[in-house]
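Structural overview for review
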Amino acid sequence: QLQTPDDAEFLSGLRDSEAALKAGETSEAEFGSKRREIERSWQATTENRRVIIGAIDCSTHEFDLCPSWTPTFGENTAYLSDLAVHRSFRRLGIGGKLFKAAVKELEQRHQDLFLHVEATNPAIALYELCGFVQVPDNDATRDLYSALALEEGPLNLLFRKQA
């Protein structure tokens, strides 16, 4: 979470620049230049301190709620969920780097990795690039959707990567 006065100034500057762009008061080039200037200024104030700008939840407990999961997919599985990047830092490749780092870490400890995604999410291309493939509908996927209170069917898709 961004918490210092410098952080608030940084975010305010970005929001003002984005608003000016949307209102047609500045060009894409001017916006890009201003954004880079604001980011450089903020980076100087964040040197030697940690700032969380993204997170991903990785766990195994979701499968404990699914009676048909272990017989279908085994015990050594992990679930990736809730990838988020602060909106001011999106479209910079941070989400992809965060996702790839989490996958690399999990592959050292788990046989299979799973994630679900809405069918219209453009991140599907990243997941497929990282070796995830869509899991066909079966009892275990339906149990997982039920345990996570997700709708079954074309709205949500389950992806798997076998390590």
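See the structure shown above.
This one's a predicted model, so the numbers in the text were calculated from it and none came from an experiment.

Given two aromatic rings, their pairing is described by the distance between the two centres and the angle made by the two planes. Applying the stated criterion across every chain yields a total of 8 aromatic pairs. Centre to centre, the rings of W69 and F114 are 4.7 Å apart; their planes meet at 75°, and the pair counts as edge-to-face. Highlighted residues: W69 in helix α3 (residues 69–73) and F114 in strand β3 (residues 112–118), separated in sequence by 45 residues. Judged by its relative accessible area of 0%, W69 falls in the buried class. Overall, F114 belongs to the buried group, its relative accessible area being 0%. With a centroid separation of 5.7 Å and 50° between ring planes, the pair formed by F99 and F132 is classed as tilted.

The next point concerns the pattern of salt bridges. Should the charged atoms of two oppositely charged side chains come close, the side chains can pair. Using the criterion set out here, one finds 6 salt bridges in the structure. E105 is the partner of R109 in a salt bridge, and the nearest nitrogen-oxygen pair spans 3.5 Å. Of the residues examined, E105 reaches a relative accessible area of 41% and is grouped as partly exposed. Members of the salt-bridge network, linked through shared partners, are D137, D139 and R142.

The subject of this paragraph is the environment of E118. By secondary structure assignment, the location of E118 is in strand β3. For E118, a relative accessible area of 48% translates into the label partly exposed. In this structure the C-alpha to C-alpha distance between E118 and N156, which are 38 residues apart in sequence, comes to 4.4 Å. When residues no more than four places from it in sequence are discounted, the contact partners of E118 are I124, L155 and N156.

The strand order across the open sheet formed by 5 strands is β1-β2-β3-β5-β4, and the pairing between neighbours is mixed. Two strands bound the open sheet, and with one partner strand each, they are β1 (54–59) and β4 (133–134). Where β3 and strand β5 (residues 156–162) come together, 7 bridges link them in antiparallel fashion. Within β5, the residue paired with L113 across the bridge is K161. Together, β1, β2 (77–85), β3 and β5 form the strand contacts of helix α4 (residues 94–107), whose direction differs from that of β2 by roughly 160°. The strands touched by helix α6 (residues 139–147) are β2, β3 and β5; relative to β5, the strand with the most contacts, the crossing angle is about 120°.

Cut-offs applied
- Residues numbered from 1 in each chain as written.
- Predicted model: local features only at pLDDT ≥ 70, side-chain atom pairs only at ≥ 80, totals over all residues.
- Heavy atoms only, no water.
- Phe/Tyr/Trp six-rings, centres within 6.5 Å; stacked < 30°, edge-to-face > 60°.
- Helix = DSSP H or I, 4+ residues; strand = E, 2+ residues; numbered from the N terminus.
- Buried < 20%, exposed > 50% of the residue type's maximum accessible area, 1.4 Å probe, protein only.
- Salt bridge = Lys/Arg side-chain N within 4 Å of Asp/Glu carboxyl O.
- Contact = heavy atoms within 4.5 Å.
- Pairing = 2+ DSSP bridges.
- Axes fitted to C-alpha atoms, helices over the stretch in contact; angles between N-to-C directions.

From the geometry alone we can't say anything about function, so treat these as descriptive.
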